[in-house]
Every structure is written in structure tokens, then in C-alpha cells.
Amino acid sequence: MSDLLDLPTGLRRLIAARLGPPGTVENLVRLTGGATRATWSFDARVGDATIPLVLQQPVPRALRPDDPMLRLPHVAGEADAALVMGAARAGVPVPRVRLVLEPEDDLGAGYLADRIDGETLGARIIRDQRFAHARGIMAAQCGEILARIHAMEPEAYPFLVEQDAAAEVQVYREIWDSFDHPQPAIDLAFRWVAERAPKRTRRALVHGDFRNGNFIVGAEGIRAVLDWEIAHVGDPMADLGWLCVRTWRFGGPNPVGGFGHREDLVAAYEQAGGGRVDAEHVSFWEAFGCLKWSVMCLMKGQSHRRGGLRSLEQMAIGRRSEEPLYDFLALLGRRG
Amino acid sequence: MPPSRPTALELLDVVREFLEGDVLPRLAADVRFQCRIAINVLATVRRELEFGAASWSRERARLAGLLGDADPDESLEALNRQLARQIREGAIDVDDPALLGHLRRTVEEALAINNPKWLESSREEGSA
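What counts and how
For every chain, the first residue of its written sequence is number 1, and the numbers climb from 1 along that sequence. Here the convention is simple: chains get letters from A, ligands get numbers from 1, in the order in which they are written. Whole-chain, interface and lining totals are the exception, using all residues; otherwise, since this is a predicted model, local features are given only for residues with pLDDT of at least 70 and side-chain atom pairs are given and counted only at 80 or more. Hydrogens are left out, water is left out, and the side-chain values use all remaining heavy atoms of the structure. Note on definitions: angles span 0 to 180 degrees between N-to-C directions of axes, and those axes are lines fitted to C-alpha atoms, for helices only across the stretch in contact. The way it works is that DSSP assigns letters per residue, a run of H or I at least four long becomes a helix, a run of E at least two long becomes a strand, and they are numbered from the N terminus. Helix crossings get a hand from a simple test, with the near helix turned counterclockwise from the far one by less than a right angle marking a left-handed crossing and a clockwise turn marking a right-handed one. We call two residues in contact when some of their heavy atoms are within 4.5 Å. Three classes are used, and their members are as follows: Ala, Val, Leu, Ile, Met, Phe, Trp, Tyr, Cys and Pro are nonpolar, Asp, Glu, Lys and Arg are charged, and the others, Gly among them, are polar. When two rings of Phe, Tyr or Trp (its six-membered ring) have centres within 6.5 Å they constitute a pair, described as stacked for plane angles under 30 degrees, edge-to-face for angles over 60, and tilted for the intermediate range. Only protein chains enter the area calculation, which uses a 1.4 Å probe; residues under 20% of their type maximum are buried, those over 50% are exposed, and those in between are partly exposed. A ring is scored as having a charge over it whenever the NZ atom of a lysine or the CZ atom of an arginine sits within 6 Å of its centre and within 35 degrees of its normal. In short, buried area is how much 1.4 Å probe accessible area vanishes from two parts on joining, totalled over both. Counted as salt bridges are all cases of a side-chain nitrogen of Lys or Arg within 4 Å of a carboxyl oxygen of Asp or Glu. Here a polar contact is recorded for every N or O atom pair within 3.5 Å, except that within protein the pair must consist of a potential hydrogen donor and a potential acceptor, and residues adjacent in sequence are included only if both atoms are side-chain atoms. One bridge is not enough; two strands pair if DSSP finds at least two bridges between them.

Participant: What exactly am I supposed to notice about the packing of helix α11 (residues 322–335) of chain A against helix α4 (residues 97–114) of chain B here?
Facilitator: Any two packed helices are characterised by how steeply their axes cross, that is the angle between the axes, and by the distance between the axes. Remark: α11(A) packs on α4(B), axes separated minimally by 9 Å, with the N-to-C direction vectors making an angle of 150 degrees. Our pair here, α11(A) against α4(B), has a crossing hand that is left-handed. Counting all contacts with α11(A), which are made through A:Glu322, A:Glu323, A:Leu325, A:Tyr326, A:Leu329, A:Leu332 and A:Gly333, the residues of α4(B) involved are B:Leu100, B:Leu103, B:Arg104, B:Val107, B:Glu108, B:Ala110, B:Leu111 and B:Asn114. The residue makeup of the contact of α11(A) with α4(B), split by class, is 9 nonpolar, 2 polar and 4 charged.

In C-alpha cells:
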């Protein structure tokens, strides 16, 4: 992987050769430093035009070969680009992929996509006056977008792993077990989801992290769906449940991402051909989503103990694991 | 030796005041975000110092009650390990109101340290 010093040179060569000269790179900054990939933002000069772009680069995961986290879906680099391009063909709003890096580009794996203006921070989307109109229509937009994602042909993406609810419960259970950190509430939650995991559901392409915070939003609504790294083949209702997990409401009053109503999400999903939605089925995935996020918080909070990332932000997230656990117990109280 | 002065809580308070009043306003946006996290972490540590011991002792008492024959000298972690094992092995009824009540209270007490706002906003929301 290139470091910051030779990245501008490599990018200029790449753009001049594949998009057109002069390929000058300006305003290069690193955006979010995710655990699984790096995102760079810059402007490229091609002819007389200035094109706002992002470079998505996968970051190798430093995990021991027996780490159960290796069983989480992981779509990166070329596969990520293929999925985003397929989503665009399916009518899903995504950043346009400009080019996929080739070995001779000398920039490692990854791809260039158009940089879309807009807000991604969930809390701002929930609170800012400028998104008032967007908030009113986003639940329906989510329903329509999800119906399109779930209509994508899973076989066109042979790199996707297949995980039904029971398999996913098992993966998270193994991650949880590897912590050796007794918390009876989490064990109770695992028993609950294991006993209720839906069987023989519809099989579809699942985004996996479809939620407020992974959308680029403008005043008119959702401009793009980001973060396809944990996409897989599974039960499509997983995406509807995850979108409603309280954590992703960012303090907003409404159940769908903090901005919208379940009825609008479901009506738009069904109308766009997503199929009939059973509320209890979605609520299983919302409850399991709470459990998954609780386990993920613990995972982030102790990755430094496994020789992984040691960061203030990650360790602070470790202390948030009781939030979704509390929400899980509240859901359980309402469902019985 | 009596506890040293200033106390740990007083020290945390003054560090927090320093970060909020003197450091935060001078920082660029990306580091300011990190500094806010640091301030929140200090607040969590402060609440844990203040309420942790009492909260863990209540948890211990509830666990001993639930487990019945538990050794009174067992550590909190050992008691939790025992209850977790019973839940996993199906040796305890997961719908048992006493069990659920204990787990809810335990999670609530942890939130009172880690993020009390989570409890407040859920009360405001009612059943949402």
C-alpha cells in the first residue's frame, strides 16, 4: 500500500493514464480511517475539468488465522467495486465507480469513485433543519432502495459468503466466546436468538450495514448508500431490522434510523416489489442486531488486547456495549 | 494512610475542566472530536469511581440470591460465570422474572456509569 508521500504521484500517473491528462491531484486528504479500509478524498484535473473523487483502499486485517472474526463477511477492493457497480445497475443510489485499480497501476488494490457531496453523520441528519424534508421521505426511500438491493442476483457476485440467521448467530457466538468475559445478559440474548432464528427464509443479497450513518444525505434525501463491506447472501429481512436498531437512530425519535416510521419503510418496500414484510420477522433481526452491536462494541473495546488497533475512539466504544443490550431486553419485554 | 488529597474525583474534575476550558477551544475539528471522547471517558471513569463499588455489591447480592447455593466468598466474576453457564446449558428458565429483573437492573446500573443518557432518553421515548 502506498503511503501519503508517494500516493499523489501514483494517483497523478493513474489519472493521466486512465482518465486523461494532466491528472493533477489536489486537496488530497484521508477521510475515515476504518478498520477494514482507507478512504482518500481528492480533486483530479482531467482536461479542463476538475473531478471530485475518492480512492477506496482495503486495509489488510491483522488477525490470527483462528480468529473467529475472520468468519464475518468481508468484501474489499475489486469485489467491493463489482458490488457497487452492480448496485448502480440495479437502480441503487451509489457513488459511480470510475476505475478499478490494476496491478500495473502500482497502487495496490482498490478503486476510484465519484465523491458525492452531502452529510453522512447520523446525528446531523437527525437534528439539522436543512434535512427536515429529507427526514420525512427517507424511510420510504430506504424501503425502495432495499427492495432493489434484495432483487440483485446473488449468483452474479460469487465472492459473497452465504449466511442464514442460524449461521450468523453461530459466528457472533464464537466471537463472543473468544472474549472469555462472562456477561449473563449476553448469554441469555444468544439463547433467545438461537431459539428463534428464522429458517427457510427468502434468500437474497443482503447489504449487511444498511443504516443511518452509511448514507450520503442531501436536502432532497438519500444520495448514496455506502459501506458494502459486510454484504452477504442471507435473509433480506436482516437489513430492515438492522436499520431500526436504536443505536442507529442517533437520538432521533422515530424507529427507522431515527428519521422515519416503520409503516413507511414497509409500504415502500412492498410496493417496490420487495415482498410481503412480517413485523415479527423484522423484529427478530432488530433484536439480533442489538446483540450483534453489543458484541461488536466489546470487540472494538478490546482489540488492543489482541494486538490490534489501540485507539481512544475504539476503546470508548467498548463501554457502549450495554446500550444495545438494554434495548434488547426492552424488545424482549415487549415481545415476550 | 487516609486517602490522599486532592481526591481522585477532584483530580478528574480538574483535568476535565482543563480539557474543556483550555484545550478544546484551541483544537482543530478532527482532534476536537477525539478530545470530546477523552472528556466523556473521564466522566465515565469518574462515575465508576463514585458508584461502581456499591453497584457491584448490589449485583453480587442479587447473583447470590439467584444462584442459591453460591459460595459467599466467590468473586463477582465467578458468580457471573456460574450464571452465564446455567443460562447456556439451559439449567435456568430464561423467562424467569427474577432472572430477567436481575439482568435488566445489572445492565441499567452499568449504563448509569457508562452512559446515563441512554436511560433518560429511553424514558422520554416511552415505548418507542
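Moving on, there is more to tell.
Participant: In this structure, what is going on with the packing of aromatic side chains? I would like to understand it.
Facilitator: Residues and elements named next belong to chain A. Following the criterion strictly, the structure yields 12 aromatic pairs over all chains and no others. Centre to centre, the rings of Trp 248 and Phe 250 are 6.2 Å apart; their planes meet at 45 degrees, and the pair counts as tilted. We classify Phe 250 as partly exposed; its relative accessible area is 25%. Among the aromatic residues, those joined into a cluster by ring pairs are Tyr 172, Trp 192, Phe 284, Trp 285, Phe 288 and Phe 328. For Arg 211, the ring lying beneath its charged end belongs to Trp 248, and the centroid distance is 3.8 Å. Above the plane of the ring of Trp 242 lies Lys 292, whose end atom (NZ or CZ) is 5.4 Å from the centre.

Participant: Explain the interface of chain A and chain B here, please?
Facilitator: Many descriptions give the size of an interface as the accessible area lost when the pieces come together. Contacts between the two partners involve 29 residues from chain A and, on the opposite side, 35 residues from chain B. The junction of chain A with chain B conceals about 2,900 Å² of combined surface from both sides, 60% of it contributed by carbon and sulfur atoms. Summed over the shared surface of chain A and chain B, the number is 4 salt bridges. A salt bridge links A:Asp187 to B:Arg88, with the nearest nitrogen and oxygen atoms 3.1 Å apart. Viewed at the interface, chain B and chain A are joined by 14 residue pairs in polar contact (both at pLDDT 80 or more). For the side of chain A that touches chain B, the elements supplying multiple residues, two or more each, are α5 (165–179), α6 (184–196), α10 (312–318) and α11 of chain A. The leading source of residues in the side of chain A that touches chain B is α11(A), at 9 residues. Classifying every residue of the side of chain A that touches chain B by side-chain character gives 12 nonpolar, 3 polar and 14 charged.

Participant: How should I be thinking about the pairing of strand β8 (residues 221–225) of chain A in this particular structure?
Facilitator: Within a regular beta strand, the side chains point alternately toward one face of the sheet and then the other, so they alternate between its two faces. All names here are of chain A. With respect to burial, β8 is a largely interior element, 4 of its 5 residues being buried. By the bridge criterion, 4 bridges tie strand β7 (residues 215–218) to β8 in an arrangement that is antiparallel. Bridge pairing links Gly 218 to Gly 221 in β8. What sits between the antiparallel neighbours β7 and β8 is a turn of 2 residues.

Keep in mind that these numbers describe shape and distance, not what the molecule does.
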